[in-house]
Amino acid sequence: MLTYEDITAYFLKAASGVTLTTHPEHWINSRSLEREFASTCHSGSCEEAENRSTCTISFTWGTLDTALSLDGPIGICDFFHEPGQDCPHLHTRDIPALVIDLSYSLLLNGATISDTVLFSLIQMLKLRASEHSSRAIETRPGITMALHDSRLQPEAITLQQRVELPIWHPEGMRGLHDLHDDQHYHASGRFIPRRHREIEEEEEDDEEEVVADNPRPEEWLPQVMVEVCEDILQVLEALDSVPSHGLPR
């Protein structure tokens, strides 16, 4: 089964393979026991990082993820009661996808930009980022403001993207379609599965025998991480192209 260490290792290996510089950090929430990963990424050397755009990639690994990685669905089912073939604990296809958040930032270094130029620039960057992101499901541009000489000025251009990885779905990335059909969004950004009773009522006539799902994310996740890192690199290049449009570094 997949572990938290496996996911971070896949990402760091993929990033190294596409020459993406990373600065990983790890945390654990002592109350919820959730594990958190974040890494600032940039192209080029660290000495040049101040003059380049950056991306922070982050995700949260929950306690359910840990339980599945250690014992699998059978182990979780056995913890609560005697395993039964019709037990919903065996259906990992209903578990929310792991959400990876990508936060890009490009400092404007005090450049004076008109609202019209800034709006045009943001729209261009959103379009280019979307075109070069094969795995992101949404791209949201933004601007951070700072107070300079008693007036607000744009400080940085930002882009927010999210990538969903259905690591516990037995059909891998193809399972995203099922998750979007059978689940809805929570305010946190993760998917919440519909009550099993609703799904069971819909499939009652079709199900004859239910067996435990057997996801194998280790077979497809390394390549997906490579694609995610390639997307990050291309979006960073799009952001770094901003100076060619007349903005000073």
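Use the structure listed above.
Bear in mind that the values here come from a model prediction, so they are computed numbers and not experimental data. (Residues numbered from 1 in each chain as written. Predicted model: local features only at pLDDT ≥ 70, side-chain atom pairs only at ≥ 80, totals over all residues. Heavy atoms only, no water.)

1. Examining the state of the cysteines
Applying the stated rule across the entire model yields zero disulfides. Unpaired in this structure, C55 has its nearest cysteine sulfur neighbour in C41, at a distance of 5.4 Å. A relative accessible area of 0% means that C55 is categorised as buried. (Disulfide = S-S within 2.5 Å. Buried < 20%, exposed > 50% of the residue type's maximum accessible area, 1.4 Å probe, protein only.)

2. Overview of helix α1 (residues 4-17)
Its 14 residues give α1 an end-to-end C-alpha distance of 20 Å, which sits within 8% of 20 Å, the value for a rise of 1.5 Å per residue. Of all the residues in α1, the buried ones are Y4, I7, T8, F11, A14 and A15. All buried residues of α1 lie within an arc of 130° about the axis, which places them on one face of the element. Exposed side of α1, more than 90 degrees from the buried face: K13, S16 and G17 are the residues found there. In this structure, the buried residues of α1 make contact with β1 (20-28), β2 (35-43), β3 (54-61), β4 (98-107) and α6 (221-240). Positive backbone phi, at 60°, marks T19, one or two positions downstream of α1. (Helix = DSSP H or I, 4+ residues; strand = E, 2+ residues; numbered from the N terminus. Expected span 1.5 Å × (residues − 1). Arc of directions from axis to C-beta. Contact = heavy atoms within 4.5 Å.)

3. Notes on the pairing of β4
Note that β3 and β4 share five bridges and pair antiparallel. Each residue of the ladder has a partner; that of I57, found in β4, is L102. Pairing of β4 with strand β6 (residues 151-165), which is carried by ten bridges, proceeds in the antiparallel orientation. Within β6, the position partnered with L98 by the bridge is L165. (Pairing = 2+ DSSP bridges.)

4. Structural notes on the pattern of salt bridges
Side-chain pairing between opposite charges can occur once the charged atoms of the two side chains come close. All told, the structure shown has seven salt bridges when counted by the stated rule. When the shortest N-O distance is used, the salt bridge between E48 and R52 registers 3.6 Å. Ionic pairing is found between R162 and E164, a salt bridge with its closest N-O pair at 3.4 Å. Taken as a pair, R162 and E164 share a single burial class, namely buried. Each member of the salt-bridge network shares a partner with another, and the members are E138, R140, R162 and E164. (Salt bridge = Lys/Arg side-chain N within 4 Å of Asp/Glu carboxyl O.)

5. Here's the deal with the environment of N214
Along the chain, the position of N214 falls in the loop between α5 (196-203) and α6. Classification of N214 as partly exposed rests on a relative accessible area of 44%. Measuring from C-alpha to C-alpha, the distance between N214 and H91 comes to 8.9 Å, with 123 residues separating the pair along the chain.

6. Concerning the nonpolar core
Core analysis: the biggest nonpolar cluster contains 51 residues, and I7, Y104, L165, I167 and I232 have the highest contact counts within it. Mapped onto this core, the elements with two or more residues apiece are α1, β2, β3, α2 (63-80), β4, α3 (115-131), β6 and α6. Sort the elements by how many residues they give to this core and α6 lands first, with ten residues. (Core = buried A, V, L, I, M, F, W, Y, C linked by side-chain atoms within 4.5 Å.)

7. With respect to the pairing of β1
As judged from the nine bridges shared by β1 and β2, these two strands associate in the antiparallel manner. Note on β2: the bridge partner recorded for E25 is A38. Here β1 folds back onto β2 in antiparallel fashion, the turn holding six residues, of which L33 has a positive phi close to 65°.

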